[in-house]
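Chain and residue survey
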Amino acid sequence: MTSTRKRMVVTGRQGQVVQSLLERGQDGPFEIITLGRPELDLSRPDAIDAAMRAAKPDVIVSAAAYTAVDQAETDEEAATVINGVAAGKIAETASALGVPMIHLSTDYVFDGSKLAPYVETDPVAPIGAYGRSKLAGERAVAAASSNHAVLRTAWVYSPFGKNFLKTMLKLAESRDSLNVVNDQIGNPTSALDIADAVLQVAQNLLSSDAPDLRGIFHMTGTGECNWADFAFEIFAQSKAHGGPQAAVNGIPSAQYPTPAKRPANSRLDCTLLNARHGVRLPDWRDSTAQVVSRLLNHNHTDGQQ
C-alpha cells in the first residue's frame, strides 16, 4: 500500500492546516509526512535542504509559518527568516529534487483598500511586518522554483489549535456579550477545507506539467462577512447544539487597537483556482456549522484538549 502512495512532505506539526491534512488525507493517495522541530527548524534555513531530502518528498507543502501577526511588528527579522528566507530554501530544494511545491500565503500581502475582492494580479502592498514577511516568501518561492502553486488564504479556523471560532466559544462560557470588530470584511476559511483543496491541487500538479496550474491562486471559503457577523453565526450554531452563546456588539477597529493594523478588506476572489484546478471551497456558513458541531459534540479529538 505504502509503496504506491506518493509522499507529501508538509512543514510543521501543530498548525491548523497540518492537523487538517493529516486527518483529511489519511485514506487518500498521499502518505503524509510532517516535518517540524527538531528535524526541520525554519529559523535555521541552512539546515532545511538536508531535512527535506531525507524525507524523500514527491510533493512539498510549505504550511508552517510565523503567524503571530502582532508580535511580528517588533520581531520582523525572525518573521522574515521563517516566512521569507526559509520558504525560499524549501523551494530551492523542491526545484533541485524536481518536485512540485505548494506554499500557503495570506491576504495580508494586500493593504485592504480595494473596494472589491482581490484578484491574483492586484498590486501587493502589505501594511505590516507579517504581510511583508509573507510577501518575501512568495517572491522567494517564485524565484527558486517554477513548479509551484502559492495559495493565498485568510481568516482560518478549525477544530485545532487557536483561532477566532474557538476563542469566541471560549469567551462565551464566561461572558454575556462581546465586542467584535465590524469594519473588516473577509472570507472565513476552514482549515479542513484548505486541506481538501491542497490535496486536490497536489494531485493536479503531479499529474500535469501545465503552466496554468502553477503560480498564485486565491483560496478562501465561499461567501463573505465581517468579524461581528462571523461571531454571530458561530453563536447561532452553538445555540443550536446547546452550547455557549453571547450577544455580539459590533465595534469599529479604532475601538480595538492592535499593534499590527489589519486590512479593512481581506476578501479574495477565488475564480482562478476554480477555473484552473477545479477547486471551490464550501460556503463559510456550512463549514462553520460543521466545526462548531464537532467541537461541541466532542465526536472527534481536536488535537488540543
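Residues numbered from 1 in each chain as written. Predicted model: local features only at pLDDT ≥ 70, side-chain atom pairs only at ≥ 80, totals over all residues. Heavy atoms only, no water.

Take the overall build of the protein next. Each helix and strand in the protein was counted, giving 9 helices and 12 strands. Over its C-alpha atoms the protein spans a radius of gyration of 19 Å, differing by no more than 12% from the 19 Å that the globule rule assigns to 305 residues. Over its C-alpha atoms, taken along the principal directions, the protein stretches across nearly 55 × 40 × 40 Å. The proportion of buried residues among the 305 residues of the protein is 52%. As displayed, the protein offers around 13,600 Å² of accessible surface, 49% of which is attributable to carbon and sulfur atoms. Charge separation in the protein, taken as the distance between the mean sites of 28 positive and 33 negative side-chain charges, equals 3 Å. (Helix = DSSP H or I, 4+ residues; strand = E, 2+ residues; numbered from the N terminus. Rg over C-alpha atoms; globule rule 2.2 N^0.38 Å. Buried < 20%, exposed > 50% of the residue type's maximum accessible area, 1.4 Å probe, protein only. Areas by Shrake-Rupley, 256 points an atom, 1.4 Å probe, with all protein chains shown as cover. Lys, Arg positive; Asp, Glu negative; His and termini not counted. Charge placed at Lys NZ, Arg CZ, Asp CG, Glu CD.)

What follows covers helix H3 (residues 76-97). One turn of an α-helix holds 3.6 residues; hence residues three or four places apart share an orientation. For H3, built from 22 residues, the straight-helix expectation of 32 Å at 1.5 Å per residue is met to within 8% by its first-to-last C-alpha distance of 31 Å. For H3, the set of buried residues is Ala79, Ile82, Asn83, Gly84, Ala86, Ala87, Gly88, Ile90, Ala91, Thr93 and Ala94. (Expected span 1.5 Å × (residues − 1).)

The full count for this structure, using the stated rule, is 8 aromatic pairs. The interplanar angle of 15° and the centroid separation of 3.7 Å between the aromatic rings of Trp155 and Trp227 together place this pair among those described as stacked. One end of the pair, Trp155, is in the loop between strand E5 (148-153) and strand E6 (156-157); the other, Trp227, is in helix H7 (residues 227-240), with 72 residues separating them in the sequence. You'll find Trp155 and Trp227 in the same group, each marked buried. Through pairs of rings, three or more aromatic residues link up here, namely Trp155, Tyr157, Phe164, Trp227, Phe230 and Trp284. (Phe/Tyr/Trp six-rings, centres within 6.5 Å; stacked < 30°, edge-to-face > 60°.)

Looking at the protein, pLDDT values average 95 and 97% of them are 70 or higher. Overall, residues 299-305 carries pLDDT values under 50, and its contacts beyond four positions in sequence, including any with other chains, amount to 13 contacts. (pLDDT = per-residue confidence, 0-100. Contact = heavy atoms within 4.5 Å.)

As a packed pair, helix H1 (residues 16-24) and helix H6 (residues 191-207) sit with axes 8 Å apart at the nearest point and diverge in direction by 65°. When the axes of H1 and H6 are compared, the crossing they make is right-handed. When H1 is examined against H6, the residues Gln16, Val17, Ser20, Leu21, Glu23 and Arg24 are found in contact with a partner set consisting of Ala191, Leu192, Asp193, Ile194, Ala195, Asp196, Val198 and Leu199. Here the residues of the contact of H1 with H6 sort into 8 nonpolar, 2 polar and 4 charged. (Axes fitted to C-alpha atoms, helices over the stretch in contact; angles between N-to-C directions. Left-handed = near helix turned anticlockwise from the far one by under 90°. Nonpolar A, V, L, I, M, F, W, Y, C, P; charged D, E, K, R; others polar.)

To continue, consider the side chain of His277. Looking at the secondary structure, you find His277 in helix H8 (residues 271-277). Here Leu213 takes part through its backbone oxygen, which lies 2.8 Å from a polar atom of the side chain of His277. Not counting residues up to four positions away in its chain, the partners in contact with His277 are Gln200, Val201, Asn204, Leu205, Leu213, Phe217 and Leu272. (Polar contact = N/O pair within 3.5 Å; in protein donor to acceptor, adjacent residues only side chain to side chain.)

Counting buried positions along E5 gives 6 out of 6 residues, so the element sits mostly inside the fold. Residues His148, Val150 and Arg152 of E5 are buried on one face, and the alternating residues Ala149, Leu151 and Thr153, pointing to the opposite face, are buried as well. Note: strand E4 (residues 101-106) against E5, 6 bridges, orientation parallel. Following the sheet pairing, Leu104 is matched in E5 by Leu151. Across 4 bridges, the pairing between E5 and strand E10 (residues 215-218) is parallel. Note on E10: the bridge partner recorded for Arg152 is His218. (Pairing = 2+ DSSP bridges.)

This next bit is on unusual backbone geometry. Note the cis peptide between Arg37 and Pro38, where omega equals 5°. The residue Pro38 is located in the loop between strand E2 (30-35) and helix H2 (48-55) in this model. In this model, Lys56 sits at a positive phi of 50°, which is unusual for a non-glycine residue. Secondary-structure assignment places Lys56 in the loop between H2 and strand E3 (59-62). Take Lys56: its relative accessible area is 58%, and that puts it in the exposed class. Even without being a glycine, Trp155 presents a positive backbone phi close to 50°.

This next bit is on the environment of Phe232. Of note, Phe232 is situated in helix H7. Under the relative-accessibility criterion, Phe232 is labelled exposed at 57%. A C-alpha to C-alpha distance of 29 Å links Phe232 and Ala65, two positions 167 residues apart in sequence.

What follows covers the nonpolar core. A general feature of soluble globular proteins is that nonpolar side chains tend to end up buried together. Grouped together as the largest cluster of nonpolar side chains are 29 residues, with contacts concentrated most on Met8, Leu21, Leu151 and Val198. In contact with Leu21, not counting residues within four places along its chain, are Met8, Val10, Gln26, Ile32, Val61, Ala195, Val198 and Leu199. (Core = buried A, V, L, I, M, F, W, Y, C linked by side-chain atoms within 4.5 Å.)

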